Amino acid sequence: MTTPPTNRAPSNAGPPTKHQLALMIWLAVFPTLTVLNLVLGDWLRTLSPVVRTFVLATIAVPIVIYGLMPQLHRLRRRLLAGPRTLAGETS
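We now turn to the structure provided with this report. (Residues numbered from 1 in each chain as written. Predicted model: local features only at pLDDT ≥ 70, side-chain atom pairs only at ≥ 80, totals over all residues. Heavy atoms only, no water.)

Quick look at helix α1 (residues 18–45) now. With 28 residues, α1 extends only 35 Å from end C-alpha to end C-alpha; this falls clearly short of the ideal 40 Å at 1.5 Å per step. The largest bend in α1 amounts to roughly 60° and is located at Val 39. Three or more residues of α1 are buried, namely Met 24, Ala 28, Thr 32, Leu 36, Gly 41 and Leu 44. In this structure, the buried residues of α1 make contact with α2 (49–81). (Helix = DSSP H or I, 4+ residues; strand = E, 2+ residues; numbered from the N terminus. Expected span 1.5 Å × (residues − 1). Bend = angle between axes of the 7 residues up to and from the residue. Buried < 20%, exposed > 50% of the residue type's maximum accessible area, 1.4 Å probe, protein only. Contact = heavy atoms within 4.5 Å.)

The next point concerns the environment of His 73. Along the polypeptide, His 73 turns up in helix α2. Judged by its relative accessible area of 25%, His 73 falls in the partly exposed class. When the C-alpha atoms of His 73 and Gln 20 are compared, they prove to be 10.0 Å apart, with 53 residues separating the residues in sequence. Aside from chain neighbours lying at most four places away, what touches His 73 is Pro 16, Leu 21 and Met 24.

Moving on to the nonpolar core. Counting residues in hydrophobic clusters, the biggest one holds six residues: Leu 36, Leu 44, Leu 47, Val 55, Leu 56 and Ala 60. Elements represented by at least two residues in this core include exactly α1 and α2. The element that contributes the greatest number of residues to this core is α2, accounting for three residues. For Val 55, the residues in contact, after removing those within four places along its chain, are Trp 43, Leu 44 and Leu 47. Met 24, Ala 28, Met 69 and Leu 72 belong to the second-largest nonpolar core, a separate cluster that totals five residues. (Core = buried A, V, L, I, M, F, W, Y, C linked by side-chain atoms within 4.5 Å.)

Turning to the packing of aromatic side chains, a few remarks are in order. In this structure the tally under the stated criterion is one aromatic pair. With a centroid separation of 5.2 Å and an interplanar angle of 5°, the aromatic rings of Trp 26 and Phe 30 are classed as stacked. Pair noted here: Trp 26 and Phe 30 are both in helix α1, with a separation of four residues, about one helical turn. For Phe 30, a relative accessible area of 46% corresponds to the partly exposed category. (Phe/Tyr/Trp six-rings, centres within 6.5 Å; stacked < 30°, edge-to-face > 60°.)

Written out as structure tokens, the structure reads:
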């Protein structure tokens, strides 16, 4: 019996290296903090630096961990799997 093809990338990519993980974290954190600063900038200006940092971290960490990092891990697996997976083709 054969298993039906799926659109999922192979999981044999292994865990990211520390350099790949650092890049992925930067790609998630920088835009998140930039958007939060643009959206909340006027309100954040009135807060002390410690409270401002606490507010930003409290909002940014869940966005990065639960929203962006899973997407970046999937993208990394697809990139490492090759062009066939990127196009959505399966054999």
